[in-house]
Amino acid sequence: FRDKLNPDKINIRQKKVMRNMVACRTPQMGAHVAFCNHCGKEHVFYKSCRDRHCTRCGGLKRDVWVAKRKADALPVDYFHIVFTIPESLNRLCLFKPEIMYNILFKSAWDTISHFASKHRHLGVKTGMAAILHTWGQTLALHPHIHCLVPGGGITPQGKWKNARPNGKYLFPVKAMSKVFRGKFTDELYKLQEEKIISLDTPIDPTKKYLHPLYKTKWVVYAKNPVNGGEQVIEYIGKYSHRVAISNSRIKDISDDKVTFSWFDYRKSVQDIMQLDGEEFLRRFLLHVLPSGFVKIRHYGILSCRNKEKNIALVHNFYDSKRPTSLKGLNWKELFMLLYGRSPFLCPYCKKGELVIKEILPPMRSPPLHLLVRQNEPVYAVI
């Protein structure tokens, strides 16, 4: 399918992602050859591409991220809120992805902090963990942000205050939708004035309510509060390193067709979709993020600068013990903590340890006679 795509229709970043995924865990990436010091069996471990868009990579990163975030979890209820932009803005997201996704993050946080600061709601400074997703179940472009917001915040006096929402939502959903729409369109107007973007219908700040963007309801979806502690991190962890489609959803590849499963949320049923190979790849490449773009962000009391003292403050308020910090642990200790076994354990006899024999360079590297040979435990077998 890759060879059928028109090279002129994909950019350099997308080409790089495709090359990485095709070469992932193949001789093209190089390998470690190791043997077991107990049974003597030899193993070849092909290196992974470690691209964040790869459907086979990211599992270990997700588990490490979840483990580290568990140590930062507050002992309070959390609220899951999703901010979505209208389909009419998809064209701008295609041509200006970094700018548009940054606006999406900023507008979502401005909306949450706006409601949290109002005394009729909370009157506190709160925090937020946000994760960007750009896809829907059918791989169509559908930019939205999953936000996890603690049920409370820190008052101007430096004390913790719990939220007492009327019902299952932290803040009124319809009101949040209107404020989110206003803040997003304000940012679009600034970009329009700076001539960074061009809208089909320019925004007039004195008559924003007449703009076509105001004729569509902006969806802000809120779920029931999630209990605090480790459940919170496990809950958001499944969103953290997810890619547009997982291998388990792909049911068949044949005759230039790709068949995959998808969930129809309108009918609440599982369905099957079949696409031409070229169309499938085109949809998948819509979700390749700009190089260096940060898709997981923390705000307010959960930001990296403030979280240590704020986490301690909340635990003191509840007189609870904070989970053990993972700072200072090396990768081997993290692996042992996550999976309960040594990363060097022989997968065949499960008694001995793997010892490196050869390091095979990538196919584009120097000839095989320049292989590095060592007699020490292998440190990178995944």
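Because the structure is a prediction, the values reported are computed rather than measured.

Cut-offs and rules
- Residues numbered from 1 in each chain as written.
- Predicted model: local features only at pLDDT ≥ 70, side-chain atom pairs only at ≥ 80, totals over all residues.
- Heavy atoms only, no water.
- Helix = DSSP H or I, 4+ residues; strand = E, 2+ residues; numbered from the N terminus.
- Buried < 20%, exposed > 50% of the residue type's maximum accessible area, 1.4 Å probe, protein only.
- Areas by Shrake-Rupley, 256 points an atom, 1.4 Å probe, with all protein chains shown as cover.
- Lys, Arg positive; Asp, Glu negative; His and termini not counted.
- Charge placed at Lys NZ, Arg CZ, Asp CG, Glu CD.
- Pairing = 2+ DSSP bridges.
- Axes fitted to C-alpha atoms, helices over the stretch in contact; angles between N-to-C directions.
- Contact = heavy atoms within 4.5 Å.
- Core = buried A, V, L, I, M, F, W, Y, C linked by side-chain atoms within 4.5 Å.
- Salt bridge = Lys/Arg side-chain N within 4 Å of Asp/Glu carboxyl O.

(A) A look at the overall build of the protein. On a plain count of helices and strands, the protein comes out with nine helices and 13 strands. On the principal axes, the C-alpha backbone points of the protein span a range of 70 × 60 × 45 Å. Within the span of the protein, comprising 382 residues, buried residues form 46% of the whole. As displayed, the protein offers around 21400 Å² of accessible surface, 52% of which is attributable to carbon and sulfur atoms. Treating the 63 positive side-chain charges of the protein as one cloud and the 32 negative ones as another, the clouds have centres 5 Å apart.

(B) Broad picture of the sheet that holds strand β3 (residues 78-84). Reading across the sheet, the five strands line up as β8-β3-β5-β4-β12 and stay open at both edges, with antiparallel pairing between neighbours. A strand with exactly one partner marks an edge of an open sheet, and here the two such strands are β8 (220-222) and β12 (296-300). Across the sheet, the axes of successive neighbouring strands diverge by a mean angle of 25 degrees, strand direction being ignored. In this sheet, β12 lies alongside strand β4 (residues 127-135) in antiparallel orientation, the contact comprising five bridges. Note that in β12 the partner of Ile 131 across the bridge is Ile 296. Docked against the sheet, helix α5 (residues 173-193) engages β3 and β8, running at close to 145 degrees with respect to β8.

(C) Quick look at the nonpolar core. Counting 45 residues, the largest nonpolar core has Leu 89, Phe 184 and Leu 188 as its most contacted members. Secondary structure elements with two or more residues in this core: β3, α3 (90-95), α4 (97-117), β4, β5 (141-150), α5 and β8. A total of ten residues in this core trace back to one element, the largest contributor, which is α4. Contacts of Leu 188, omitting those with residues within four sequence positions, involve Leu 89, Met 100, Ile 103, Ile 197, Ile 203 and Leu 213.

(D) Broad picture of the pattern of salt bridges. Counted by the stated rule, this structure contains 13 salt bridges. A salt bridge links Lys 257 to Asp 276, with the nearest nitrogen and oxygen atoms 2.3 Å apart. One end of the pair, Lys 257, is in strand β10 (residues 257-264); the other, Asp 276, is in strand β11 (residues 269-276), with 19 residues separating them in the sequence. Look at Lys 257 and you get partly exposed, because its relative accessible area is 30%.

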